[in-house]
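# Structural overview for review
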Amino acid sequence: MNPRPLRRARQVFWLALIVSVLLHLGLFSQVWIVPQMGKLGDSPAPLVARLVLSPPPSPPPVVKPAPVPRKLILKPRLPAVIPPQVIQPDPASAPHADPIAAPVTVSPEPDAAPAVADAIAPEAAPVDPSPPLNKLPRRLTLEYQVNYGLASGKQTLLWVNEGDRYTITSVVAAGGMASLIFSGQLVQTSRGRITATGLQPEEFWDQRGNQRNQSRFDYAAHTVQTDGSKGPRTVSLPEGMQDALSLLFQIVLTAPPATDSDMLVFNGKKIRDYRYRVKGEEVLNTALGPLRALRMVRIGDADAERFEIWLAIDHYYLPVKLATEISGYGAELLVKSIVSED
């Protein structure tokens, strides 16, 4: 082995070691020796300790509750009554005044309270001599089951309201085995005006099979002119008279009556007096279910034909049941359906 390279390696190692030691000594002198020398040259500042006592915190301010406002009641202050004063004219201040003129009387101003009372007092409403009519839909269709003696059938009642005009149509037809005996239909129509007091019929048609009667109400001449199979006829027209169809809806529009009702009715042949009395409230079992109804019964002479009508209290007071006599036979109508159109 050649010792020369080994010797050279050792020299390099010691040289590197010496350089490393010198570098660390220089860094140590910069980091520690120099700052310590600077400190030795300066006199250290004396350390003074003081005890500072902070004042105690001030208590929170006491908030007093706001006073509750008292309810203020204002009363109207009436002006004091000033007695009348008599002012005599001063001749010096009024040289042209009449010395014998009467003294001038100055009256106090009128009290304002009556004027205010008059201003706020409600005006008296005008008294309507006739009560308002019940409101009805523009169109109503009622269907009834009809029992007449041993026969049966159905009736359709149609109400049409066109502003201040009305039309009522009734069609009665026999059904079942009765249709073999009673042929044809009974058709009645009433037309007229709607006034503040109710219906005012102007035309009435009554057709039974081949027989037809047509009546016209002349309110200017106070007559009813009828043209039928027995020739023309004329009867007097009393005020407020109804025909056989308008009678039903006249009762509906003015229900419930406060007292007994008295109506004159023209049935196409003659005038009859119909007087009604309210008998109370009943519950009817119908195809529409139980209905509260107001029962009205015709009263008067013993010879008068029976006529009773039940008005549905919760359905515009419409007639939901009728009972009468026709040619000695009892007839009864009971409602099956009600259709309304506004």
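Our subject is the structure that appears above.
None of these values were measured; they are calculated from a predicted model. (Residues numbered from 1 in each chain as written. Predicted model: local features only at pLDDT ≥ 70, side-chain atom pairs only at ≥ 80, totals over all residues. Heavy atoms only, no water.)

## What about the overall build of the protein chain?
Summing up its helical and strand segments, the protein chain has three helices and 17 strands in all. Within the protein chain, the proportion of its 342 residues that are buried is 25%. Taking contacts inside the protein chain between residues at least 6 apart in sequence as the whole, the part at least 24 apart equals 41%. (Helix = DSSP H or I, 4+ residues; strand = E, 2+ residues; numbered from the N terminus. Buried < 20%, exposed > 50% of the residue type's maximum accessible area, 1.4 Å probe, protein only. Contact = heavy atoms within 4.5 Å.)

## Thoughts on the pairing of strand E3 (residues 139-148)
Successive side chains on a regular strand alternate, one facing one side of the sheet and the next facing the other. By the bridge criterion, 10 bridges tie E3 to strand E4 (residues 151-162) in an arrangement that is antiparallel. Note on E4: the bridge partner recorded for glutamine 145 is lysine 154. Here E3 runs beside strand E17 (residues 329-341); their pairing, made up of 10 bridges, is antiparallel. Note on E17: the bridge partner recorded for valine 146 is leucine 333. (Pairing = 2+ DSSP bridges.)

## So, the environment of glycine 280
With respect to the helices and strands, glycine 280 occurs in strand E13 (residues 271-286). Sequence-wise, glycine 280 and tryptophan 310 are 30 residues apart; in three dimensions their C-alpha atoms are separated by 9.9 Å. Leave out the neighbours within four places in its chain, and glycine 280 touches Ala293, Leu294 and Arg295.

## Looking at the pairing of strand E8 (residues 211-218)
As paired elements, strand E7 (residues 198-208) and E8 share six bridges and run antiparallel to each other. Note that in E8 the partner of glutamine 207 across the bridge is arginine 212. The hairpin turn running from E7 into E8, its antiparallel successor, is two residues long, and glycine 209 in that turn takes a positive phi close to 65°. Strand direction decides the pairing type here: E8 and strand E9 (residues 223-228), joined by five bridges, are antiparallel. When the bridges of E9 are listed, aspartate 218 appears paired with threonine 223. Linking E8 to E9, which pair antiparallel, is a turn of four residues; within it histidine 222 sits at a positive phi near 60°.

## Some words on a positive patch on the surface
On the surface, a cluster of positive charge is made up of Lys230, Arg233, Lys269 and Lys270. The residue lysine 270 is located in the loop between strand E12 (261-266) and E13 in this model. Relative accessible area serves as the criterion here: at 46%, lysine 270 is assigned to the partly exposed category. (Patch = residues over 30% accessible without salt bridge, like charges linked within 9 Å, V, L, I, M, F, W, Y side chains within 5 Å. Areas by Shrake-Rupley, 256 points an atom, 1.4 Å probe, with all protein chains shown as cover. Salt bridge = Lys/Arg side-chain N within 4 Å of Asp/Glu carboxyl O. Lys, Arg positive; Asp, Glu negative; His and termini not counted. Charge placed at Lys NZ, Arg CZ, Asp CG, Glu CD.)

## Description of the environment of tyrosine 329
Within the element layout of this structure, tyrosine 329 appears in strand E17. With 180 residues separating them in the primary sequence, tyrosine 329 and glycine 149 have C-alpha atoms 5.7 Å apart. Those residues in contact with tyrosine 329, other than ones at most four positions away along the chain, are Tyr148 and Thr324.

## Describing the pattern of salt bridges
Taken as a whole, this structure holds eight salt bridges when the rule is applied. The closest approach of N and O atoms between glutamate 308 and arginine 295, which form a salt bridge, is 2.8 Å. One end of the pair, glutamate 308, is in strand E15 (residues 307-312); the other, arginine 295, is in strand E14 (residues 289-299), with 13 residues separating them in the sequence. With a relative accessible area of 23%, arginine 295 lands in the partly exposed category. Between arginine 306 and glutamate 308 there is a salt bridge, with its nearest N and O atoms 3.0 Å apart. One network of salt bridges, in which partners are shared, links Glu282, Arg295, Arg306 and Glu308.

## Considering the environment of asparagine 285
Here asparagine 285 lies in strand E13. As a C-alpha pair, asparagine 285 and valine 335 span 50 residues in sequence and 9.9 Å in three-dimensional space. Setting aside anything within four residues of it in sequence, one finds asparagine 285 in contact with Pro290 and Leu334.

## Regarding the nonpolar core
Within the largest apolar cluster, 47 residues are counted, with the highest numbers of intra-cluster contacts made by Trp159 and Phe249. At six residues, the largest contribution of residues to this core is made by helix H3 (residues 246-254). Apart from residues lying up to four places away in sequence, phenylalanine 249 is in contact with Leu136, Leu157, Trp159, Ile168, Leu199 and Leu318. (Core = buried A, V, L, I, M, F, W, Y, C linked by side-chain atoms within 4.5 Å.)

## Brief notes about the packing of aromatic side chains
Tallied over the entire structure, the rule returns seven aromatic pairs. Arranged with centres 6.0 Å apart and planes meeting at 85°, the rings of tyrosine 274 and phenylalanine 307 form a pair that is edge-to-face. Remark: phenylalanine 307 occurs in strand E15 and tyrosine 274 occurs in strand E13; sequence separation between them is 33 residues. For the pair formed by tyrosine 274 and phenylalanine 307, the shared burial category is buried. Relative to phenylalanine 307, the ring of tyrosine 276 lies with its centre 6.0 Å away and its plane at 65°, an arrangement referred to as edge-to-face. Of the two residues, tyrosine 276 is situated in strand E13 and phenylalanine 307 in strand E15; the sequence distance between them amounts to 31 residues. Between arginine 298 and the ring centre of tyrosine 274, over which it is positioned, the NZ or CZ distance is 4.0 Å. Directly above the aromatic system of tryptophan 310 lies the positively charged group of lysine 321, at a separation of 4.5 Å from the ring centroid. (Phe/Tyr/Trp six-rings, centres within 6.5 Å; stacked < 30°, edge-to-face > 60°. Lys NZ or Arg CZ within 6 Å of the ring centre and 35° of its normal.)

## Digging into the side chain of serine 170
Relative to the helices and strands, serine 170 is located in strand E5 (residues 165-175). In this structure serine 170 touches Gln155, Thr156, Leu157, Leu186, Val187, Gln188 and Leu245, once residues within four positions along its chain are discounted.

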